[in-house]
Amino acid sequence: MTNEIILTRRAVIASGIALGISTLAPAARAAAPLKVAGIHASPVENAWNSCLHKALQDAAKEGVIEYVFSEGVSGTDYPRAMREYAEQGNKLIIGEAYAVEKEARQVAADYPDTAFVLGSSGEAAGDNFGVFGTWNYDGAYLAGMLAGKMTKSNVVGSVGAVPIPEVNMLINAFAAGVKAVNPDCKHLVSFIGTFFDPPKAREAGLAQIDAGADVLFGERIGTADAAKERHIKSVGSLIDYTPRYPDTVFANAMWYFRPILNAAIADVAAGKPVGRSYTAYGLMKEGGSDIVYVKGVAPAEAEAAMEKVRADIKAGTFEVPKVMDQPK
């Protein structure tokens, strides 16, 4: 197990590094740093895991938590990693239960004094097993609005991991955004059957391009490689891919884990149960997601229409359709 211990509050102050601004309550900030462990099934450079990892690193640099983590943890090893971190005295464990729902819940039941907040398609359980989903579908919808006005072939494509509700919802939102501005546009969908296989995502993207798609939505890393190779545009998900693909990725459906993390930390610090869903903290109106895009790539009128809907989402006057059925 590979662990990385980020600077504690004392180390940060001693080194003269200024603490960042946190939205946690003053009482939580004033307390001793909370011991938190992150368990990542994929490498931390994977987009989803990198969102969690960055939020945890930032909280550690601010002195709010002490952070240790493991990455690339297989499903068979995941329950063991959870137990080890609980035994080491970590008060909060952040991770994912998608491949180990039953086992993860059993571990949580065995350690009632440890808080577990994991990405999950299921419900919270008991007082110490909280869940969250990746709801950056607002940004995906807005990116779809731009893509629908940019396509010349009238065909767009989406490459996803596996058809779990969170992935389905994201791809369906992108498709809905496309259809809102271009009802006749065809939408191709491919699933690669795993959460981290960039070469496989690239191959799926190339197949969609061969089938006529001229804008791709990359729910998975690797899709933009196909778009770059064939000189078409692509949309990224979770993180900002534009710096890595400056001439290819023109928009990104961003997801920020920090609001979810802040809520979980605050609950643990206050001695409150974490057996609830933290998903809603990731919505755009809560500051947990958004769209970032390169202005001037899509038509000006498309950008204006998208920005109007974006403002309505933030104001709570427009809701993006939340469809968790497998897209076809």
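Residues numbered from 1 in each chain as written. Predicted model: local features only at pLDDT ≥ 70, side-chain atom pairs only at ≥ 80, totals over all residues. Heavy atoms only, no water.

K.L.:
Let's hear about helix α8 (residues 198–210): which residues, and what values?
P.N.:
Given a rise of 1.5 Å per residue, 13 residues ought to cover 18 Å, and the 18 Å separating the end C-alpha atoms of α8 matches this to within 8%. For α8, the set of buried residues is Ala201, Ala204, Gly205, Leu206, Gln208 and Ile209. Positioned one or two residues after α8, Gly212 has a phi angle of 115°, which is positive. (Helix = DSSP H or I, 4+ residues; strand = E, 2+ residues; numbered from the N terminus. Expected span 1.5 Å × (residues − 1). Buried < 20%, exposed > 50% of the residue type's maximum accessible area, 1.4 Å probe, protein only.)

K.L.:
Tell me about unusual backbone geometry, residues and numbers included.
P.N.:
Peptide bonds are, in most cases, trans, and in most cases residues other than glycine have a negative phi. The residue Asn154 is not glycine, and still its phi comes out positive at about 65°. Following the sequence through the fold, Asn154 ends up in the loop between α6 (137–150) and β6 (155–160). The residue His231 is not glycine, and still its phi comes out positive at about 60°. With respect to the element layout, His231 can be found in the loop between α9 (223–229) and β9 (233–238). Given a relative accessible area of 73%, His231 falls into the exposed group.

K.L.:
Can you explain the nonpolar core? Please cite residues and give values.
P.N.:
Within the largest apolar cluster, 38 residues are counted, with the highest numbers of intra-cluster contacts made by Tyr137, Leu142, Leu146, Phe174 and Ile291. Looking at this core, the elements with two or more residues in it are α6, α7 (165–181), β8 (215–218), β10 (249–255), β11 (289–293) and α11 (300–315). Counting residues per element, this core draws most heavily on α6, which supplies nine residues. In contact with Phe174, other than residues within four places in its own chain, are Ala140, Tyr141, Ala143, Gly144, Ala147, Val156, Gly157, Ser158, His187, Phe217 and Val235. One finds Ala55, Leu56, Ala60 and Ile239 within the second-largest nonpolar core, a separate group that totals 37 residues. (Core = buried A, V, L, I, M, F, W, Y, C linked by side-chain atoms within 4.5 Å. Contact = heavy atoms within 4.5 Å.)

K.L.:
Go over the pattern of salt bridges, please, and point to the residues and values.
P.N.:
The final tally for this structure, using the stated rule, is 15 salt bridges. One salt bridge connects Arg258 with Glu62, and the closest N-O pair in it is separated by 2.9 Å. Within this pair, whereas Arg258 is found in helix α10 (residues 258–269), its partner Glu62 is found in the loop between α3 (47–61) and β2 (65–70), the two being separated by 196 residues in sequence. Taken as a pair, Arg258 and Glu62 share a single burial class, namely buried. Taken together, the shared-partner salt bridges in this structure form one network comprising Asp290, Glu307, Arg310 and Lys314. (Salt bridge = Lys/Arg side-chain N within 4 Å of Asp/Glu carboxyl O.)

K.L.:
A description of the environment of Ala37 should follow, citing residues and the corresponding values.
P.N.:
Among the structural elements, Ala37 can be located in strand β1 (residues 34–39). A residue is classified by how much of its surface remains accessible, and Ala37, at 0% relative accessible area, is buried. Placed 222 residues apart in sequence, Ala37 and Pro259 show a C-alpha to C-alpha distance of 17 Å. Setting aside residues up to four positions removed in sequence, Ala37 forms contacts with Tyr67, Val68, Tyr85, Asn90, Leu92, Ile93 and Ile94.

K.L.:
Give a description of the sheet that holds strand β7 (residues 186–191) that names residues and reports values.
P.N.:
Sheet architecture is open: six strands sit in the order β7-β6-β8-β9-β10-β11, paired in mixed fashion. Because the sheet does not close on itself, it has two edges, and the strands there are β7 and β11. Averaged over all adjacent pairs, the angle separating strand axes in this sheet is 15°, with direction ignored. Lying over the sheet, α8 contacts β6, β7 and β8, oriented at roughly 165° with respect to β6. (Pairing = 2+ DSSP bridges. Axes fitted to C-alpha atoms, helices over the stretch in contact; angles between N-to-C directions.)

K.L.:
An account of the pairing of β11 is requested, with residue identities and associated values reported.
P.N.:
Counting buried positions along β11 yields four of five residues, so the element is predominantly enclosed. With five bridges connecting them, β10 and β11 associate as antiparallel partners. Within the sheet, the bridge partner assigned to Trp255 lies in β11 and is Ser289.

As far as function goes, none of this settles anything; it's purely spatial.
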